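# Overview (structure and organization)
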Amino acid sequence: MIVLMGGTGVGKSTLLNALAGAPIALASFTRPTTRDPVVYHHASVKPERLDPALRNCRMVAHDREELREKVLVDTPD
């Protein structure tokens, strides 16, 4: 699991979007932007296998083989 953490406006959501190759996390000049965590996981990972704290987050599944073994989490500002 890779958790993107840092201060407001440092680029956590922008990095997640770049890794995902799509705008899955809201990134903006408005601060703070991220209000709820975003969990980006491979479709083969069942949400019930993740930590219970992550199950209430916005889940975004993908089918990218190069990220199959990774779970990326964009944390709030």
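Everything below is about the structure shown above.
Here's what I pulled together on the structure shown here. It should be emphasised that the depicted structure is a prediction, and the values quoted were computed from it without experimental measurement.

## A closer look at the pairing of strand β4 (residues 71-74)
Neither face of β4 is open: one carries Val71 and Val73, the other Leu72 and Asp74, and all of them are buried. Judged from the 3 bridges that link them, strand β1 (residues 2-4) and β4 form a sheet pairing that is parallel. When the bridges of β4 are listed, Val3 appears paired with Val73.

## Some thoughts on the pattern of salt bridges
According to the stated counting rule, one finds 2 salt bridges in the structure shown. Where Glu66 meets Arg64, a salt bridge forms, and the shortest distance between an N and an O atom there is 2.7 Å. For Arg64, a relative accessible area of 23% gives the class partly exposed. The residue Arg68 makes a salt bridge to Glu65 at a minimum N-O spacing of 3.0 Å.

## Focus on the sheet that holds strand β2 (residues 38-42)
Pairing is mixed across the open sheet formed by 4 strands, whose spatial order is β1-β4-β2-β3. The sheet is open, and its two borders are formed by β1 and β3 (58-62), each paired with just one other strand. Here the average twist between neighbouring strands, direction ignored, is 20°. Relative to β4, β2 runs antiparallel, the two being bridged by 4 bridges. Paired with His41 across the bridge in β4 is Val71. Strands in contact with helix α1 (residues 12-20) are β1, β2 and β4; relative to β4, the strand with the most contacts, it is inclined by about 150°.

## Remarks on the nonpolar core
Of all hydrophobic cores here, the largest spans 10 residues; its members are Leu4, Leu16, Ala20, Ile24, Ala25, Val38, Tyr40, Val60, Leu67 and Leu72. Contributing elements (two or more residues each) for this core: α1 and β2. In terms of nonpolar packing, the next biggest core, distinct from the first, is built from 7 residues, Val45, Leu50, Leu54 and Val73 among them.

## Considerations on a nonpolar patch on the surface
On the surface, Met1, Val3 and Met5 cluster together into a nonpolar patch covering about 340 Å² of accessible area. One can find Met1 in the segment before β1. When its relative accessible area of 59% is taken as the criterion, Met1 is described as exposed.

## What about the environment of Ala43?
Relative to the helices and strands, Ala43 resides in the loop between β2 and β3. Each C-alpha atom of the pair Ala43 and His62 lies 5.4 Å from the other, and the pair is 19 residues apart in sequence.

Cut-off values and rules
- Residues numbered from 1 in each chain as written.
- Predicted model: local features only at pLDDT ≥ 70, side-chain atom pairs only at ≥ 80, totals over all residues.
- Heavy atoms only, no water.
- Buried < 20%, exposed > 50% of the residue type's maximum accessible area, 1.4 Å probe, protein only.
- Helix = DSSP H or I, 4+ residues; strand = E, 2+ residues; numbered from the N terminus.
- Pairing = 2+ DSSP bridges.
- Salt bridge = Lys/Arg side-chain N within 4 Å of Asp/Glu carboxyl O.
- Axes fitted to C-alpha atoms, helices over the stretch in contact; angles between N-to-C directions.
- Contact = heavy atoms within 4.5 Å.
- Core = buried A, V, L, I, M, F, W, Y, C linked by side-chain atoms within 4.5 Å.
- Patch = residues over 30% accessible without salt bridge, like charges linked within 9 Å, V, L, I, M, F, W, Y side chains within 5 Å.
- Areas by Shrake-Rupley, 256 points an atom, 1.4 Å probe, with all protein chains shown as cover.

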